[in-house]
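Report on the structure
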Amino acid sequence: FYTVLHPGGLVDKPAGGEEFVLDVDDKLLENKKRSISRADVANLCVAALTLGKGQKIALDCITREVEAGLVIKSADEALSDFLNENK
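Below you will find a few notes about this structure. Computed from a prediction, not measured in an experiment: that's the story for all the values here.

Describing helix α1 (residues 38-51)
- Compared with an ideal rise of 1.5 Å per residue, which puts 14 residues at 20 Å, α1 spans 20 Å between its outermost C-alpha atoms and is within 8% of the ideal.
- Taken together, the buried positions of α1 are occupied by Asp40, Val41, Leu44, Ala47 and Ala48. Along α1, the residues classed as buried sweep out an arc of 120 degrees about the axis, all on the same side. Turned more than 90 degrees away from the buried face of α1, the exposed residues are Val46, Leu49 and Thr50.
- As for α1, its buried residues are in contact with β1 (2-7), β2 (9-11), β3 (19-23), β4 (35-37), β5 (56-64) and α2 (75-84).

Here you go:
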């Protein structure tokens with residue numbers, strides 16, 4: 001079993017400041033902004049250790065800005081939602 005994360009361009013920003021965008025098959029290349037903080041990638045790795053047990057997972061990951069006042073999902077929540085979509 002494995003988890004493979006394909007992050008967009010890595011940036012030095014704090015974790016949790018933007019919304020996770022997870023997808024497969026290079027679909028995220030269509031986005032103008034294709035970056036993610038190193039800290040957010042690290043949080044996704046930790047989430048994959050617990051949520052991805054016993055699964056074969058490969059995904060692309062970036063983040064995007066959200067409107068002020070909207071709640072940003074944690075790495076655990078974002079990965080859980082992604083896995084429940086069965087992509």
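A short note on the pattern of salt bridges
- Scanning the entire structure with this criterion turns up four salt bridges.
- A salt bridge links glutamate 18 to lysine 33; its shortest N-O distance comes to 3.2 Å. Of this pair, glutamate 18 sits in the loop between β2 and β3 while lysine 33 sits in the loop between β3 and β4, placing them 15 residues apart in sequence.
- Judged by its relative accessible area of 13%, glutamate 18 is buried.
- Aspartate 81 is the salt-bridge partner of lysine 73, the closest N and O atoms lying 2.3 Å from each other.
- The class for aspartate 81 is partly exposed, based on a relative accessible area of 30%.

Let's talk about the side chain of aspartate 60
- With respect to the element layout, aspartate 60 can be found in strand β5.
- Despite its burial, aspartate 60 pairs with no opposite charge, the nearest such side chain being lysine 27 at 8.7 Å.
- The contact partners of aspartate 60, leaving out residues within four places of it in the chain, are His6, Val21, Leu22, Asp23, Val24, Asp25, Asp26, Lys27 and Leu28.

Some words on the packing of α1 against α2
- Relative to each other, α1 and α2 sit at 55 degrees, their axes nearing to 9 Å. Between α1 and α2, the crossing angle belongs to the class labelled oblique. Between α1 and α2 lies a crossing of right-handed hand. When α1 is examined against α2, the residues Asn43, Leu44, Ala47, Ala48, Thr50 and Leu51 are found in contact with a partner set consisting of Ala75, Asp76, Leu79, Ser80 and Leu83.

Concerning unusual backbone geometry
- Despite not being glycine, aspartate 25 has its phi angle at roughly 60 degrees, a positive value.
- Position of aspartate 25 relative to the elements: it lies in the loop between β3 and β4.
- For aspartate 25, a relative accessible area of 65% puts it in the exposed group.
- Here the phi dihedral of aspartate 26 falls at roughly 60 degrees; this positive angle occurs in a residue that is not glycine.
- The topology assignment puts aspartate 26 in the loop between β3 and β4.

What counts and what doesn't
- Residues numbered from 1 in each chain as written.
- Predicted model: local features only at pLDDT ≥ 70, side-chain atom pairs only at ≥ 80, totals over all residues.
- Heavy atoms only, no water.
- Helix = DSSP H or I, 4+ residues; strand = E, 2+ residues; numbered from the N terminus.
- Expected span 1.5 Å × (residues − 1).
- Buried < 20%, exposed > 50% of the residue type's maximum accessible area, 1.4 Å probe, protein only.
- Arc of directions from axis to C-beta.
- Contact = heavy atoms within 4.5 Å.
- Salt bridge = Lys/Arg side-chain N within 4 Å of Asp/Glu carboxyl O.
- Lys, Arg positive; Asp, Glu negative; His and termini not counted.
- Axes fitted to C-alpha atoms, helices over the stretch in contact; angles between N-to-C directions.
- Parallel < 35°, antiparallel > 145°, perpendicular 65-115°, else oblique.
- Left-handed = near helix turned anticlockwise from the far one by under 90°.

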